[in-house]
Amino acid sequence: MKTINKITSQKWFPMLVWLLAAAVIWELGAAVVDASKRTPENVLPHIWQIVGAAYSSRRVNSGQTAAQLVLASAGKTLSRAAVGFLIGTLSGFVLALIMKISKIVEKTIFPYLMIIQMIPILGMAPIILSITGDINTSRVVIAAILTFYPVATGTLAGFNSVEHEKYDLMYSYAANKFTVYTKVLIPYSIPYFFTGLKIAAPMAITASILVDTLQGDGGLGTLLSQSLKHAMSIYVFWLIVIFAAFVGIFSSKLMEIIEYLVLPHKRIRIFGKEAAVWAADAKGKKVFCGEFMRIRR
Amino acid sequence: MRRVHENTQVKAAETVTLPVLLGVLILILWETGILHKILHTDTFTLPLPDRILMIMADNAGKITANAGATVAVAVIGLTAGSVIGYGIAVLAALFRKWGTSGMGIVAACNAIPIVALAPVMTNWTKDVSRDASIRSMAAKILVVTIVSIANMSFNAFRGLTELKPFSEDLMTSYAATKRETLIRLRIPNSVPYIFTALRVAVPSSVISALVSEYFAEYIIGVGRQIRENIVLAQYSSAWAYIVAACLIGIILYGILMIVEGVVLKKHAKA
Amino acid sequence: MTNEKREIEIRIKDLGMLFKDSRGGDIAALTGVNLDIYKGEFVSLLGPSGCGKTTLLRLVADLLEPTEGSIHIGDRLPREVRLDQKLGMVFQSPVLFDWRTVKKNVELPLEVMKFEKNERSKIADSMLEMVGLTKFANHYPNQLSGGMQQRVNIARSLAVRPELLLMDEPFSALDEFTKEKLHEDLLRIWKKTNKTVIFVTHNIQEAVFLSDRVCVLSPHPGRLSGIVDIDLQRPREIGIKETARFNELVTKVRNTFDGGSL
């Protein structure tokens, strides 16, 4: 009984239950679909069927298994997404910097930034493809634009979050503008920068896949449409869907990990002016114990 | 840092005139063809503004019909998703132990690419109706709803649980029930967070609507028309729809900002 | 005060509070606290940060459960008093709801306790008058200064006519001028309403000025080092801070404190 209690009170227990519940619901759905459709794999296959397809060594097209096919095309799609992502990140950061340095630039550009958020860039993928003419360039361009907005606005918010006392402090050291930027503004903006990255990463991937669907040349998206039209096994489609979902989630987590590596200081939760410290009372319930900030560690 | 010697009126005027100047500049570059040279493209792929406007005027009826379909999908999905999402957040806030990890999963779902979701939804709704247009609508609305749920529940959860320090203690000292704390404290506190969610959800529901149109059976909707027209190399029409898409995005967002301004007057920081 | 037999309101016996820090080790926030508080008394809990005074207050308020010992308020446990909605607590920060007007903030506990609309309004008005903020009844908290917000905080805590008023360093974030004014206001309100007050602070002068008795707490582990009777006449005016007796008492209190860095 005690071990059961011990397990259920672990932090990861609720998450585990959620995942199991999700799997159960999926399987139930698949069973229902199985009973009522001619080609159930088209609608909702069983989890084990998808897993089976991933491990099967049956050649799906000329010389590749399903898994190999997905991974190969994933490589193409993701590498281009990464390029676009990097370009977008860099230009977003630089633009935010310029906007902070020059009020004029900020005022001119800001409404256009808002417009970029409001208009559905992804929906304009086809035209960007036409303008650039080359699928790789267009892929990079779209990923760059999609990344650019969250990074630019996030970083700018980070710059603007610096309280004026920090400026006064630097002023009292007769620090020049460059020093202020490198020692205060940029470090302060890093958490916000990463928030922007966490949003942008999955979007860059989505963009890359979408562009694939417009013009076949071996990316995940092409594979997706081909599989949908039954040019090859429908399991390829499902593998891609699952893979895309995981990669999207993973890319966001990856940004979190990078952020943790860049900012190793553990963040104490800061409420307003005081740092609240949490401890556990005898029953293990989390309580606020206020004053005990100077606990020896 | 900045010397405040500039006239405040001039500064206020700058906020409007500068962007407008930039816009006018771009339009001039466009109309005169210089833009085309910069982008290495031609007036066929990137028609001149007056030609686009002409096409839009000629096809106003068709464009409006398609735009209507897109807007309907976006708005219905957004509303349904936001309401459901908020409900989920409330449940998660009430059952905190399960809610926090549940929210972790929802946050992860935020990152699932729409391109993975849209075809799946189209498949699922195959039997909803015999009418292809209704099936497509259902599929598209489902996609937008799911995306909106993920967005709203995450932000609403923060709004319901990130409270000023001691607020919960205050309610405890009144021996307030969980329900009372929910109604008097958490829900009003979450209102600004709802708008944070909507600021992202409104544009993203338009995008999701457009993308899901690509995968839908029935050929309708601004996004789909962009694609179809480009495939047929009818660039002017395509651009007409692009302009329509932009207008949809801008107008919906504008409505959001107005609503936000009205509702959040109380929450304004002094 | 005099040595007449007075009714004991709060009995704290052998109280101890053990926390577990993030590594699982034990922190003795409080050990062996024995304290009797009389009805209608103004008692301060004084000490530097980290000595357990806030913890002690929270134990009385039933926001924490003690690991050893007991607290009785009258013949009831803190939990019963809290569930009976007889607790008035003033926190360090004003904790006002941004989306409610000042008056509606004061009405909050009354709403929770299901008072009727007209009565709520009347009580809120009289509370605001007591703290001198009638003019600001329809303002929003963001429009008030820190001192004013704390006054709303106090008004709100008195609205339900609690048996016990628990105050956790309510004035520590304010400037000296505002603080002095609020001290006078607090004493005036206390005299009028006759409540038992437990006041937590780290300021020796504040404690001596306001209280009937000062309980000095020292850290590592948190314990009650001593209690100093403040036999200054009431009503107390600011001028009393210049007198010899006042400063003797301040020194006495300071010397009662034992150990640990400030």
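Residues numbered from 1 in each chain as written. Chains lettered and ligands numbered in written order. Predicted model: local features only at pLDDT ≥ 70, side-chain atom pairs only at ≥ 80, totals over all residues.

Caption draft 1: A look at the overall build of chain B. When its secondary structure is counted, chain B shows eleven helices and zero strands. N-terminal to C-terminal, the α/β element order of chain B is α-α-α-α-α-α-α-α-α-α-α. A compact globule built from 270 residues would reach a C-alpha radius of gyration of about 18 Å, whereas chain B, at 23 Å, exceeds it by more than 25%. Across its three principal axes, chain B shows a C-alpha extent of roughly 70 × 70 × 30 Å. Taken over 270 residues, chain B has a buried fraction of 43%. Taking as baseline every contact in chain B between residues at least 6 positions apart, the subset at least 24 positions apart corresponds to 76%. (Helix = DSSP H or I, 4+ residues; strand = E, 2+ residues; numbered from the N terminus. Rg over C-alpha atoms; globule rule 2.2 N^0.38 Å. Buried ≥ 20, exposed ≤ 12 C-beta atoms within 10 Å, placed from the backbone. Contact = placed C-beta atoms within 7 Å.)

Caption draft 2: Region of interest: the overall build of chain C. Within chain C, the regular secondary structure consists of eight helices and nine strands. Here the C-alpha atoms of chain C give a radius of gyration of 18 Å, agreeing with the 18 Å that 2.2 N^0.38 yields for 262 residues. Here the C-alpha coordinates of chain C stretch approximately 50 × 45 × 40 Å along the principal axes. Buried residues in chain C amount to 44% of all 262 residues.

Caption draft 3: Geometry of the interface of chain B and chain A. Listed per partner, the contact involves 45 residues of chain B and 42 residues of chain A. Going through the elements one at a time, α1 (8-31), α5 (96-109), α6 (114-124), α9 (178-215), α10 (222-231) and α11 (235-263) of chain B are the ones with two or more residues in the side of chain B that touches chain A. Partitioned by chemical class, the residues of the side of chain B that touches chain A number 33 nonpolar, nine polar and three charged. (Nonpolar A, V, L, I, M, F, W, Y, C, P; charged D, E, K, R; others polar.)

Caption draft 4: Local environment of the interface of chain B and chain C. Between chain B and chain C, the contact holds 18 residues from the first and 20 residues from the second. Secondary structure elements with two or more residues in the side of chain B that touches chain C: α8 (167-173) and α9 of chain B. The biggest single contributor to the side of chain B that touches chain C is α8 of chain B, with five residues. Looking at the side of chain B that touches chain C residue by residue, the class counts come to eight nonpolar, four polar and six charged.

Caption draft 5: Main features of the sheet that holds strand β5 (residues 87-90) of chain C. Residues and elements named next belong to chain C. Taking strand neighbours across the sheet as the criterion, the six strands line up as β5-β6-β7-β3-β8-β9 in an open arrangement whose pairing is mixed. The open sheet has two edge strands with one neighbour each: β5 and β9 (223-229). Pairs of neighbouring strands in the sheet enclose a mean axial angle of 15°, with direction left out of account. When β5 meets strand β6 (residues 164-168), the two strands line up parallel, connected through four bridges. Across the sheet, the residue bridging to leucine 87 is leucine 164, located in β6. Strands β5 and β6 of the sheet are contacted by helix α5 (residues 146-158), whose axis makes an angle of about 170° with β5. (Pairing = 2+ DSSP bridges. Axes fitted to C-alpha atoms, helices over the stretch in contact; angles between N-to-C directions.)

Caption draft 6: Focus on the nonpolar core. Membership of the largest hydrophobic core comes to 129 residues, with the highest contact counts inside it found for Leu146, Ala204, Ala207 and Ile240 of chain A together with Val143 and Ala245 of chain B. Here this core gets 16 residues from one element, more than from any other, and that element is helix α10 (residues 177-214) of chain A. Setting aside chain neighbours within four positions, we find isoleucine 240 of chain A in contact with Val70, Leu220, Leu223, Leu224 and Ser227 of chain A. Residues Phe166 of chain B together with Leu59, Leu87 and Leu186 of chain C belong to the second largest nonpolar core, which totals 75 residues. (Core = buried A, V, L, I, M, F, W, Y, C linked by C-beta atoms within 7 Å.)

Caption draft 7: Spatial organisation of the environment of threonine 222 of chain A. Within the secondary structure, threonine 222 of chain A is located in helix α11 (residues 220-228). C-alpha separation for the pair threonine 222 of chain A and phenylalanine 237 of chain A, spaced 15 residues apart in sequence, amounts to 10 Å.

Caption draft 8: Main features of the packing of α6 of chain B against helix α7 (residues 132-161) of chain B. Residue and element names in this part refer to chain B. As a packed pair, α6 and α7 sit with axes 8 Å apart at the nearest point and diverge in direction by 140°. It follows that α6 is oblique to α7 by the angle criterion. The handedness of the crossing between α6 and α7 comes out as right-handed. Every residue of α7 that contacts α6 at Ile114, Leu117, Ala118, Met121 and Thr122 is listed here: Ala139, Leu142, Val143, Ile146 and Val147. Counted by class, the contact of α6 with α7 contains nine nonpolar, one polar and no charged residues. (Parallel < 35°, antiparallel > 145°, perpendicular 65-115°, else oblique. Left-handed = near helix turned anticlockwise from the far one by under 90°.)

Caption draft 9: Just the environment of tyrosine 214 of chain B, in detail. All names here are of chain B. Looking at the element boundaries, tyrosine 214 is found in helix α9. The exposure class of tyrosine 214 is buried, given the 25 C-beta atoms found within 10 Å. Setting aside chain neighbours within four positions, we find tyrosine 214 in contact with Gly223, Arg224 and Arg227.

Caption draft 10: Structural detail: helix α8 (residues 135-160) of chain A. Residues and elements named next belong to chain A. Its 26 residues place the ends of α8 38 Å apart at the C-alpha level, agreeing with the 38 Å of an ideal helix rising 1.5 Å per residue. Maximum bend of α8: about 25°, positioned at phenylalanine 148, with proline proline 150 one to four residues after it. Taken across its 26 residues, α8 has 21 buried, putting it largely inside the fold. (Expected span 1.5 Å × (residues − 1). Bend = angle between axes of the 7 residues up to and from the residue.)

Caption draft 11: Molecular detail of the pairing of strand β8 (residues 213-218) of chain C. Residues and elements named next belong to chain C. By the bridge criterion, four bridges tie strand β3 (residues 42-46) to β8 in an arrangement that is parallel. For valine 43, the partnering residue across the bridge sits in β8 and is arginine 213. Here six bridges tie β8 to β9, and the two strands are oriented antiparallel to one another. Bridging across to β9, serine 218 finds its partner in arginine 223. Here β8 folds back onto β9 in antiparallel fashion, the turn holding four residues, of which histidine 220 has a positive phi close to 55°.

Caption draft 12: Quick peek at unusual backbone geometry. Residues and elements named next belong to chain C. With an omega of 0°, the peptide bond running from arginine 234 to proline 235 counts as cis. Relative to the helices and strands, proline 235 is located in the loop between β9 and α8 (244-256). Not every positive phi belongs to a glycine, and lysine 114 is a case in point at roughly 60°. The topology assignment puts lysine 114 in the loop between α3 (102-112) and α4 (117-130). Judged by local crowding, lysine 114 falls into the exposed class, with 9 C-beta atoms found within 10 Å.

Caption draft 13: Inspection of the confidence of the model for chain B at higher detail. For chain B, per-residue confidence averages 84 on the pLDDT scale, and 95% of positions sit at 70 or higher. Per-element mean pLDDT across chain B ranges from 78 in helix α2 (residues 34-39) of chain B up to 92 in helix α4 (residues 60-94) of chain B. (pLDDT = per-residue confidence, 0-100.)

Caption draft 14: Structural context of the confidence of the model for chain C. Of the residues in chain C, 94% reach a pLDDT of 70 or more, and the chain-wide mean stands at 87. Both confidence scores are given for the complex: pTM 0.80, ipTM 0.79.

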